[in-house]
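Each chain, written out:
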Amino acid sequence: MDEKRDVIFTKSFDCIIDMDVKHGIKRVEIDCNVYMQHTKKSFPDVEELMIGPDVDEICIPNTLFPNVQMVYSDSIFFLAGRYLVKKRNGRPTLLNAFCKDEALEISVIVSIADYALANSNIKKIPYNYSALIRCEPMAFKDSYFEKQPFVNGVKTAGRIIVAIDPEADEVILPDEEYSMATCAVGVNLADVKHLVIHNPNSICVYGIKGVPKEVTFVTTPETHYNHIINVMHAAKPGDGYYVEKVNIIDKNGQFVEKDGVVYTSDMKTLIACSLSVTDLVIPEGVEEIISYAFANTRIKNVKFPDSLAILNENAFYKCRELQNVDFGSGLDIIKGFAFQECASLTHIKMPPQMKMIGRYAFCDSGVENVELNEGLLLIHEGAFSGCKIDELRLPDSLENIGAFNDASGIKCIKSSHFIKDIPLNACRTGASSYLYDDEFDAVFRYDCGDKTVFLPRCVKKSDCYEFRTVIEGFLQKGSKSNLEYLSLYKYANTREGRERIAYLEYLEFKGEEQKSFLKKRGKQVFMMLLEESDEDAIKFLGLGILTPKAKKDILEIVSKRENYALSAAVLEAINDGKGAKIPNNKFSI
């Protein structure tokens, strides 16, 4: 037992587990942690608490000191003020509101802990706060708010959802003036059969679990397109919840909902598609699709009307299930990022009227096959960045093509005439910030008319001007070059890049210069190819250009891998100097 003036502490392991305070004592000084959360004692005369520097935990009920007016703190874990507030992971968390006030002042409070309002007199939480983002499951246990009846299927404390009536057929949130800000942990909107909201942010409050299957959104004159999108696309992907049906109550004549899609009332602008729509034929008369209208939806097939003139940026962002797009005969510009990360979109066919494909329009999508139309004038930078395209055939009408940022997946580009932008924008210097790690060694083939060159994605900085000059001199129409082919392997910025191009050039042109280079680098080239494909590595051995020492070294390396089928194929290729197919059956002794 530890006696301090008129306050007596009972301690265990240097923690206060019990105390007694004489009548009339108005100030209690706490110098160590307190664990008295289950006590029935009460000291109503105490008006001030002083927390010492060594204190990092205080667990007490509001009823222990019901009339505290002020908390002073020398501890880095507790804030001074009218309530007991602790910094948990940097978040000011209300532990005790005590019992005196009827209105809670929470301007700095970010979180409300379990039982923080239990048996307190708090009956009002103001609406005009922005910091509060979390209420623990028992934050309102035994509080005034918990004891109130459900109103329209919900209990609230200011902008906080305290509880939802599980028996209610319809829940109407009181969010006409302010959106709901947060909820007690455990509140699950997925249990709500039909939710009515007046503010789009109320459906995505911090900490809420799930979303209802049906939502009615009552709009106002201030309702913006993005507000409609927020409601239409409300989902909790990690939990598998999403809003299946959205009803729009619009008393101002701004919007109309049809078959799961919201348009402007004149049906000229498509605003948002619900997450339940998978196949859509957009009606004639629609002239514009706004940004993010389909973002993250489950759309699989879509047909544009001939009236469509504007497809805004990010319109189909992350539509991972999108497989088919019919562009119609009206749209002539695809704006930037329109189909970014559409993983299931493998084939696209541009309509005859298409004039421009915007920057990063199909970035990181699943596009593997592209049919570009005659009449296309411009492809902006990164349009097919991150796509795995074996062959990109450019139309004769194309005038400009932007930077090939992260276009290491494009293996071959074909055009009937020389397009200066291709070597200019597809190849960067070794110091370029535009290149990604997997691009420094990348190579792509450029077939220009009846001529072919293999271009490194990354060129030595000192050789950049010369590199572009020799390409232009060789490929430009009317060129006086007498070269049968143009070798570019020396311009690659990396060793592996030079080896890769020399190998491809030798396969295509059978040049003595490339043969000599590959002979010197035989072992390294084999290892590079082996990392990509056993077949390519065996094919290289079959060229018959390796030195005896290189053959021996390669055989030793392969033998250590215990891949007997590969070892047998390598041995056969080395012995007869010809290519050998890897046997399907395993080699055994």
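Residues numbered from 1 in each chain as written. Predicted model: local features only at pLDDT ≥ 70, side-chain atom pairs only at ≥ 80, totals over all residues. Heavy atoms only, no water.

1. Here's the deal with the environment of S416
- With respect to the helices and strands, S416 occurs in the loop between β38 (412-415) and α3 (421-426).
- In this structure the C-alpha to C-alpha distance between S416 and P395, which are 21 residues apart in sequence, comes to 7.8 Å.
- The residues contacting S416, other than those within four sequence positions of it, are D396 and G449.
- There is a polar contact of 3.4 Å between the side chain of S416 and the side chain of H417. (Helix = DSSP H or I, 4+ residues; strand = E, 2+ residues; numbered from the N terminus. Contact = heavy atoms within 4.5 Å. Polar contact = N/O pair within 3.5 Å; in protein donor to acceptor, adjacent residues only side chain to side chain.)

2. Considerations on the confidence of the model for the protein
- When pLDDT is averaged along the protein, the result is 89, and 92% of the positions lie at 70 or above.
- Predicted confidence for residues 431-437 stays below pLDDT 50, and this span has ten contacts to residues more than four positions away or in other chains.
- Every residue in residues 578-589 scores below 50 in pLDDT, and together they form 20 contacts with partners more than four places removed in sequence or on other chains. (pLDDT = per-residue confidence, 0-100.)

3. What about the nonpolar core?
- With 119 residues, the main nonpolar core has F304, F316, F339, F362 and F384 as its most contacted residues.
- Excluding its chain neighbours within four sequence positions, the residues that come into contact with F339 are F304, L311, F316, L322, V325, F327, I334, L345, A361, F362, C363 and S365. (Core = buried A, V, L, I, M, F, W, Y, C linked by side-chain atoms within 4.5 Å. Buried < 20%, exposed > 50% of the residue type's maximum accessible area, 1.4 Å probe, protein only.)

4. Considerations on helix α6 (residues 512-520)
- The complete set of buried residues in α6 reads Q514, F517 and L518. For α6, the arc enclosing every buried residue in end-on projection is 95°, short of the 170-degree limit, so these residues lie on one face. In this structure, α6 carries E512 and K520 as exposed residues pointing more than 90 degrees from its buried face.
- Next to the buried residues of α6 lie α5 (495-509), α7 (522-532) and α8 (534-541). (Arc of directions from axis to C-beta.)

5. With respect to the packing of aromatic side chains
- Under the counting rule described, the total for this entry stands at 18 aromatic pairs.
- For the ring pair Y225 and F255, a centre distance of 6.5 Å and an interplane angle of 70° mean the geometry is edge-to-face. In this pair, Y225 sits in helix α2 (residues 225-232) while F255 sits in strand β23 (residues 255-258), placing the two residues 30 residues apart along the sequence.
- Here the aromatic rings of Y503 and F540 are separated by 5.8 Å at their centres, their planes lie at 75°, and the arrangement is edge-to-face. Of the two residues, Y503 sits in helix α5 while F540 sits in helix α8, which places them 37 residues apart along the sequence.
- Each residue in the set F294, F304, F316, F327, F339, F362 and F384 is aromatic and connected to the rest through ring pairs, giving one cluster.
- Its end group placed over the ring of Y242, R298 keeps NZ or CZ at 3.8 Å from the ring centre.
- Taking NZ or CZ as reference, K510 lies 5.7 Å from the ring centre of Y506, over its face. (Phe/Tyr/Trp six-rings, centres within 6.5 Å; stacked < 30°, edge-to-face > 60°. Lys NZ or Arg CZ within 6 Å of the ring centre and 35° of its normal.)

6. Some words on the packing of α7 against helix α9 (residues 548-560)
- Following both chains from N to C, one finds α7 and α9 inclined at 30°, their axes separated by 9 Å at the closest point. One way to sum up the angle between α7 and α9 is to call them roughly parallel. Considering only the axes of α7 and α9, their crossing is right-handed. Here G522, K523, F526 and M527 of α7 lie close against α9, whose contacting residues are D553, I554, I557 and V558.
- For the contact of α7 with α9, the residue count by class is five nonpolar, one polar and two charged. (Axes fitted to C-alpha atoms, helices over the stretch in contact; angles between N-to-C directions. Parallel < 35°, antiparallel > 145°, perpendicular 65-115°, else oblique. Left-handed = near helix turned anticlockwise from the far one by under 90°. Nonpolar A, V, L, I, M, F, W, Y, C, P; charged D, E, K, R; others polar.)

7. What about the sheet that holds strand β4 (residues 27-30)?
- Spatial ordering of the open sheet is given by β4-β6-β8, a layout of three strands whose pairing is parallel. Of all strands in the sheet, those bounded by a partner on one side alone are β4 and β8 (70-73). Strand-to-strand, the axes of this sheet are offset by a mean angle of 15°, without reference to chain direction.
- Where strand β6 (residues 48-51) lies against β8, four bridges are found, and the strand directions are parallel. By the bridge assignment, I51 is partnered in β8 with S73. (Pairing = 2+ DSSP bridges.)

8. Focus: the sheet that holds strand β16 (residues 171-172)
- Read across the open sheet, the four strands follow the order β16-β18-β19-β22; overall the sheet is parallel. Two strands in the sheet have a free side with no partner beyond their single neighbour: β16 and β22 (245-249).
- Sheet topology places strand β19 (residues 214-218) next to β22; five bridges connect them, and they run parallel. Note on β22: the bridge partner recorded for F217 is I248.

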